[in-house]
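Residue-level structural notes
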Amino acid sequence: MQRLNYMLATAAVPTACAPHTAQAAGIEVLSEDFGNLADSPGWVRINRSVPLGAPWCQGAPDIFPAQAGAPDAYAAASCLSAAHGVGRVDNWLITPTLTLSGPTTLSFFISRERVDGFDDLLEVRYGSGCGSGTAAASFDTLLASISGAVDFPAQWQPWHLDLTVDGTGRFAFRYLGDAARMSHIGLDTVRVVTRLPEPTSRLLLADGLGVLGLLRRHERH
């Protein structure tokens, strides 16, 4: 049974200034630096642009280098998601299926080409219980809609998206819009950390059940 309790997005917060308790006490279930996007296990690239162009691809260091690692170690998408840079872009990059339990943090870095006059848009979505499915309708929880010069300042920007969820699911990065108004964006250093209930909470729960059972035994005598 899947349960998505609540969602909270916090954008562009420097990691040094905003430590996350989920990262401190949690389990890292995904760590991806895109050293080789084509060989990243479990990741799925689906381009639904019209007319069809290039899917998410390896980073282009001649446009800008990666946030970390080798210069091309990031995932990139551009106006060429639609053929010849003309048409409607709808380009998806989907994580592997993850098992999440309790407070969860998705963190990543994004950047874009340093040019003016373009309006890139990246949606970050979550699909609960979709398993290996990749249908667009499965990703019905919008976690963030990132656009404009503030969200894309032409330099690597950290993002943290927090939610509480139980069960399996996948995250999706959806690049979309009018190709004529889009440039080149990058995604790097994707992490997902989830947290199980604290051991002390489990111990208190067990103790409480034990006391309750003892009281019931006394009541029967």
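Refer to the structure above for everything that follows.
Within every chain, residues take consecutive numbers counted from 1 along the sequence as written. The model is predicted, so local features are restricted to residues of pLDDT at least 70 and side-chain atom pairs to those at 80 or more, both for listing and for counting; the totals for chains, interfaces and linings are taken over all residues. Calculated side-chain values reflect all of the structure's heavy atoms, with hydrogen atoms and water omitted.

So, about the overall build of the protein chain. Helix and strand content of the protein chain: three helices and 11 strands. Going along the chain from the N terminus, every DSSP run of H or I of four or more residues is numbered as a helix, and every run of E of two or more is numbered as a strand. Walking the protein chain from its N terminus toward its C terminus, one meets helices and strands in the order β-α-β-β-β-β-β-β-β-β-α-β-β-α. Counting all 221 residues of the protein chain, 45% fall into the buried class. The contacts of the protein chain with a sequence gap of at least 6 include a subset with a gap of at least 24, amounting to 81%. For the protein chain, the accessible surface area stands at approximately 10900 Å², while carbon and sulfur atoms represent 58% of it. Only protein chains enter the calculation, and the probe is 1.4 Å; a residue is then buried if its accessible area is under 20% of its type maximum, exposed if over 50%, and partly exposed in between. Contacts: residue pairs with any heavy atoms within 4.5 Å of one another. In this description, accessible areas are obtained by the Shrake-Rupley approach with a 1.4 Å probe, and a residue is regarded as covered only by the protein chains that are shown.

With that out of the way, let us pick up the pattern of salt bridges. Salt bridge, as used here, is a side-chain nitrogen of Lys or Arg placed within 4 Å of a carboxyl oxygen of Asp or Glu. Following the criterion strictly, the structure yields six salt bridges and no others. Of the charged contacts, one joins Arg 125 and Glu 123 as a salt bridge, the two residues approaching to 2.8 Å between their closest N and O atoms. Through salt bridges with shared partners, a single ionic network connects Asp 90, Glu 123, Arg 125 and Arg 174.

Further remarks concern the environment of Gly 69. With respect to the secondary-structure elements, Gly 69 resides in the loop between strand S4 (57–58) and strand S5 (75–78). Each C-alpha atom of the pair Gly 69 and Gly 35 lies 7.6 Å from the other, and the pair is 34 residues apart in sequence.

What follows deals with the side chain of Asp 166. Relative to the elements of secondary structure, Asp 166 occurs in strand S10 (residues 157–178). On the accessibility criterion, Asp 166 (18% relative accessible area) is buried. Polar side-chain contacts of Asp 166 include one of 3.2 Å to the backbone nitrogen of Gly 102. Think of a polar contact as two N or O atoms within 3.5 Å of one another; within protein, one of them needs to be a possible hydrogen donor and the other a possible acceptor, and neighboring residues in sequence only count if both atoms come from side chains.

What follows covers the environment of Ala 154. One can find Ala 154 in the loop between helix H2 (148–151) and S10. The sequence separation of Ala 154 and Ser 111 amounts to 43 residues, and the corresponding C-alpha distance is 5.5 Å.

Here we come to the packing of aromatic side chains. Each Phe, Tyr or Trp ring, with Trp reduced to its six-membered ring, pairs with another whose centre is within 6.5 Å; inter-plane angles below 30 degrees give stacked pairs, above 60 give edge-to-face pairs, and intermediate values give tilted ones. Tallied over the full model, the rule gives eight aromatic pairs. Each ring, one from Trp 92 and one from Phe 139, has its centre 5.8 Å from the other, and the planes form 50°; the classification is tilted. With Trp 92 in strand S6 (residues 88–94) and Phe 139 in the loop between strand S8 (121–128) and strand S9 (141–147), this pair connects stretches of sequence that are 47 residues apart. Of the two residues, Trp 92 and Phe 139, both sit in the buried class. Plain terms: the ring middles of Tyr 126 and Phe 171 are 5.0 Å apart, the flat faces sit at 55° to each other, and that makes the pair tilted. Of this pair, Tyr 126 sits in strand S8 while Phe 171 sits in strand S10; the two residues are 45 residues apart in sequence, bridging distant segments of the chain.

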